[in-house]
Structures are given as structure tokens and as C-alpha cells.
Amino acid sequence: MKQLLILCTLCVAILFLTGCKQTAEPHSATLFAMDTVMELTVYGDRQLLDRAKELVLDMEHRLSVTDEDSEIAALNRTGSGEVSADTEKLLTQALALCERTGGALDISIYPVVRTWGFTTGEYQLPEAGELAKLLAVVDYQNVAVNQGVAVLSPGMEIDLGSVAKGWAGDRILEIFRQNGVKSALLNLGGNVHTLGAKPDGSSWRVAVRDPSGEGYAGVVEVTGKAVITSGGYQRFFEADGKTYHHIINPATGYPADNGLLSVTVVGDEGVVCDGLSTALFVMGPDQAAEFWKAGGNFDAIFITSNGIVITDGLKNTFSPLDSYKDAKVTVLYRDKD
Ligand code: ADP
Ligand code: MG
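Predicted model, so just to flag it, every value in this text is computed and none were measured.

Rules used in this analysis
- Residues numbered from 1 in each chain as written.
- Chains lettered and ligands numbered in written order.
- Predicted model: local features only at pLDDT ≥ 70, side-chain atom pairs only at ≥ 80, totals over all residues.
- Heavy atoms only, no water.
- Phe/Tyr/Trp six-rings, centres within 6.5 Å; stacked < 30°, edge-to-face > 60°.
- Helix = DSSP H or I, 4+ residues; strand = E, 2+ residues; numbered from the N terminus.
- Salt bridge = Lys/Arg side-chain N within 4 Å of Asp/Glu carboxyl O.
- Pairing = 2+ DSSP bridges.
- Axes fitted to C-alpha atoms, helices over the stretch in contact; angles between N-to-C directions.

**Student:** Looking at this structure, I do not really get the packing of aromatic side chains. What am I missing?
**Tutor:** Geometrically, a pair of aromatic rings is defined through the distance of the ring centres and the angle of the planes. Evaluation of the coordinates by the stated rule reveals ten aromatic pairs. Here Tyr43 and Trp204 contribute two aromatic rings whose centre-to-centre distance is 6.2 Å and whose plane-to-plane angle is 50 degrees, an arrangement assigned as tilted. Of this pair, Tyr43 sits in strand S2 (residues 36-43) while Trp204 sits in strand S8 (residues 204-209), and the two are 161 residues apart along the sequence. A connected cluster of aromatic rings, assembled from ring pairs, spans Trp116, Phe118, Tyr123, Phe237, Tyr244 and Tyr254.

In C-alpha cells form, the structure reads like this:
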């Protein structure tokens, strides 16, 4: 009888525990920050969403180039300034990515981006001479950060817009993880961050936008990865029958124009994926493919007007969709050609 009682108690305990596991309910929140709509979904404590929102708004307040009170705006105004520990970490990571990509990513491109009007929306086609003058001070190697102080060379200004959303996603998921969350999905303006798998154990299906129209170019299945896209369709204007977008080639001062319509980078760290997606978009299809072949723990989806190129890590998890359904999908391998 006693044994039966113990057995019953055990069964109830097991039922209770498995029941608890299944009650990780999804909670969602939407906010507008970093110039984009952010949708956060956490399977766990709803209050974590408030913490995530606070974190993003605080981060925006420290980093935004257009917020006069931000640490970055102060640094840009005076050429040197104190930065908080978090900003220093991001700045250090961003500079490492500038170096890794041979300057295709360059956080000091900001004066050029601003002159085109991409920061304010007051777009204009700058004179070639003006661009040349602005480019003379663009060089991430002249940005130093050490022990809470950042210093720029005279005339330089920086902008962390190319990596800030990826960084924000990483920090939010860090808070979720520290609080025992096993499943979460963040959509930060088309940049997607996933924590773990879906609660039922299956992969997340993340759609990649069609860069030249409505709908999607494909879907990729991931667990615990960031899926981050840069494309010329995200912010642009037209002048004299030509389209100019917001991702600038630091070698020319003009928007990257190399046949790539978008680049999606899939990897473990959002900040790295964000920096790389911008940089690979600047490099163009050939140089970007060479960059990937040379190494690094990430995969990529390159969309051009000729079709889609994916790296081999995605060959079983990427499927084209909508108007790309019949598009040619080429797989890149590291050890071939
Ligand atoms: P989005 O922020 O639109 O998702 P990206 O992550 O590619 O896209 O970042 C683009 C932003 O980065 C631009 O709006 C501009 O502020 C800045 N930027 C543009 N070109 C470069 C570049 N070559 N290196 C670093 N930052 C850049
Ligand atoms: Mg980026």
C-alpha cells in the first residue's frame, strides 16, 4: 500500500513537472525603437518583455547619432568622450568587424551617410567633390577606444547603425537566457533572432524578404541563430531616374552598386551577423563569396537579379518561395573551386 502511495505521488510529480514545461506560454510585445518596428516574443515570464523594452530604449538613448544627448552624439561633437561599458564593448566589436572586412564596414562613414540625407530623410545627390572631401576623414583605424574613453581623429564622426540592432538582439536574448527562457523569437525590423527551438522542439522558419518586390524570396529553418539581412530596398530615394540606397561603399562614397539586391547572414551572434551583412552587401557577390570561403562561422544567402546563392550550411534548410520559387539556387562550398 505504502509503495503504491509513493508510486502515485511520483506519477503526480512527473505529471506536474511535464505540465509545467508545457505551460511556457508565449507573450509578445511590439515597440518602435532604433528607427524600426520591433516584435518580441518570449515563451516564459511576461515581465521579461518590459525588461527587454527598457534595455532597447536605454541602448538607443546611448547610441543614436540623432539624439543630441547620446554618448555617440557627444563623441561626434567633441572628438573624444566617455563611453559606458556596454557602448565600449559594442564599439570594440564594431571596430573588429571593420578590420575583419577590410573596411567594407566602416563606422566612420557617417558624415557621408548624413550628407546623402539617409539619417534625416532629406535626401540629396551630393557633388562628387563634396564626397571626396568627406571621404578624406573616413577611416575606422583612426577611432580608438580604451578604458571607457573613445577618441576620434579631427573631423571624424561615427555611427553604429550597421551593428546596433544585432547587438540589441544579442543583449535581449542574454537577459531571456539568464532567466531560464528556452524559446524566444525577436523580429527587429526584419532582422530575426531566435533563442533555442520552438517549444515543441521544431526549428523556427524565418522568411527572407523578396528584395525586389512584395512577399518573400525564401525561408530558412534555424534554431538558436540570428538571421540578419541588409538590402538596398530598406531605405532609398530616386533622383534623375536612378535609385540610391543607404548602404555606402566607403571606397567610393556612393551606394554599393554591384548586382547584390540583399545579403542575409545566419550565425550565432547577432552583432557579427549584422556587421557582416552590411559589409558583404558592400563587397558585392564575388568578393563576398571569397570572404565566406576564406573562413568564419556563418552562412549567407545572396540574392542577385540572376538568382540566389547560398552557402553550403543552408543547403538542407533553405527553400525559395513566391516569385523565387523557380529561381536558380546555387550552393557555395568552401573546399571547391
Ligand atoms: P539596416 O540598419 O537598414 O537594417 P544595415 O545593418 O545594413 O541596415 O545598416 C545600414 C546603416 O549603416 C545605414 O543606415 C548607415 O547608417 C550605416 N552604413 C551605411 N553604409 C555603411 C558602411 N559601409 N559601414 C558602416 N555603416 C554603414
Ligand atoms: Mg548591418
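**Student:** Would you mind showing me how to read the pattern of salt bridges here?
**Tutor:** Should the charged atoms of two oppositely charged side chains come close, the side chains can pair. Applying the stated rule across the entire model yields eight salt bridges. The shortest N-O distance in the salt bridge between Glu221 and Arg205 comes to 3.4 Å. A residue pair is termed long-range when its members are at least 10 positions apart, and Glu221 in strand S9 (residues 216-222) and Arg205 in strand S8 qualify at 16 residues. With a shortest N-O distance of 2.9 Å, Lys225 and Asp268 are connected by a salt bridge. Here Lys225 is found in the loop between S9 and strand S10 (226-231), whereas its partner Asp268 is found in the loop between strand S13 (260-267) and helix H8 (270-283), with 43 residues between them in sequence. Through salt bridges with shared partners, a single ionic network connects Asp58, Arg62 and Glu71.

**Student:** Help me out: how do you make sense of the sheet that holds S9 in this one?
**Tutor:** Working definition: the strands of a sheet are paired by backbone hydrogen bonds and lie parallel or antiparallel to each other. The sheet built from three strands is open, its strands ordered S8-S9-S16 with antiparallel pairing. The open sheet has two edge strands with one neighbour each: S8 and strand S16 (318-320). Strand-to-strand twist in this sheet, taken as the mean axis angle between neighbours without regard to direction, amounts to 20 degrees. In terms of strand pairing, S8 meets S9 through six bridges, oriented antiparallel. In the strand pairing of S9, Val208 is matched with Gly218.

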